[in-house]
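A closer look at the structure
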Amino acid sequence: MPLIDLANPTRFLKLSGLLLPWLAGAATIALAVGLYLAGNAPDDYQQGATVKIMFIHVPSAWLAMAIWGMMSLAALGTLVWRHPLADVAAKAATPIGAAFTLICLLTGSLWGRPMWGTYWVWDARLTSVLILFLMYLGVMALWRSVDDPSRAGRAAAILTLVGAINLPIIKFSVDWWNTLHQPASVVRIAGPAIHPTILVPLLVMALAFVLIFVTLHLAAMRNEILRRRVRTLMMIEAQAAPGRG
Amino acid sequence: MASLGPHATFIVAAYGAAVVILAALIAWIVLDHRAQQRALGELEKRGVTRRSGRPA
């Protein structure tokens, strides 16, 4: 099937309906394997068992940024190509991105207290991720404040593209400023600085989180398509009501 | 499984927070799906259909 055929919401509903059970199954298996490996990973020589928080904190942080990146691509799809599923994809991803960013912030805070002696510090990395979370909430509020989905989609797309400026700031904040947060130890030019006994569980958990996101995103996109159908039918019903010509 | 050591509370709280947030997200998506299906079903029951769904 050509990729362009997926632009048809009916076809998308059919294909995503077939894919969803398989994706949910793959996500469950990957999560089970990831949790088993994380549970049996050795303690860090400096951080002790708190390194286990990394197995959920880091994948959430990666997803928090990757989902905004995906929303930015969808925003281009809305503004440049007017792809019929682009703003559906962006809208459906927003609360999921907010949820992963919240997990990142909470788990980071709970990791920071025993390691840094504080739940929170206004350094560049933590503050820029908090701004990302607030931007997710801002886009969700914008979607709710405009009734017409196409108008809301265009406004949200512009806000999303402006917010994408924050992504390199988050990524490089630990290099550009002195922060309490440690520098990158996995995604770096010199290669991962983590021992494979910890790196492998981390990557499996990251795969599990990606599969969870893809599953939830497809399900949320299906909901959004159905919501728009309900809206269209309600408008048809209102126009056909007696006294409306 | 290794012992969680003196900071077990923080580790358990972190995993607990992730479980609660993901469970809430999944529940919201499932409930939203049911709500949209129900709304569509009621509209179709009242005979409201899209132009593409009407007989020629």
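Described below are features of the structure shown in this document.

Reading the values: rules and limits
- Residues numbered from 1 in each chain as written.
- Chains lettered and ligands numbered in written order.
- Predicted model: local features only at pLDDT ≥ 70, side-chain atom pairs only at ≥ 80, totals over all residues.
- Heavy atoms only, no water.
- 1 Å grid on protein atoms, 1.4 Å probe; cavity = no way out; pocket = protein on both sides within 12 Å on 5 of 7 lines; lining within 4 Å.
- Points joined across faces, edges and corners; volume = space filled by probe spheres on them.
- Helix = DSSP H or I, 4+ residues; strand = E, 2+ residues; numbered from the N terminus.
- Nonpolar A, V, L, I, M, F, W, Y, C, P; charged D, E, K, R; others polar.

1. Some points on the layout of surface pockets
Quantified by volume, the largest pocket comes out at close to 1000 Å³. Along the walls of the largest pocket sit 41 residues, with Val58, His181, Gln182, Pro183 and Ser185 of chain A positioned nearest its centre. Elements represented by at least two residues in the lining of the largest pocket include exactly helix H2 (54-81), helix H3 (86-116), helix H4 (124-145) and helix H6 (166-176) of chain A. The dominant element in the lining of the largest pocket, judged by the number of residues it contributes, is H3 of chain A, at 8 residues. Split into classes, the residues belonging to the lining of the largest pocket amount to 27 nonpolar, 10 polar and 4 charged. Considered as a void within the structure, the second largest pocket measures approximately 660 Å³ in volume. Around the second largest pocket, the lining comprises 26 residues; the ones closest to its centre are Lys91, Arg144, Glu224 and Arg227 of chain A together with Trp28 of chain B. Those elements that provide at least two residues to the lining of the second largest pocket are H3, H4 and helix H7 (196-240) of chain A together with helix H1 (8-45) of chain B. Ranked by residues supplied to the lining of the second largest pocket, first place goes to H3 of chain A with 7 residues. By residue class, the composition of the lining of the second largest pocket is 16 nonpolar, 2 polar and 8 charged.

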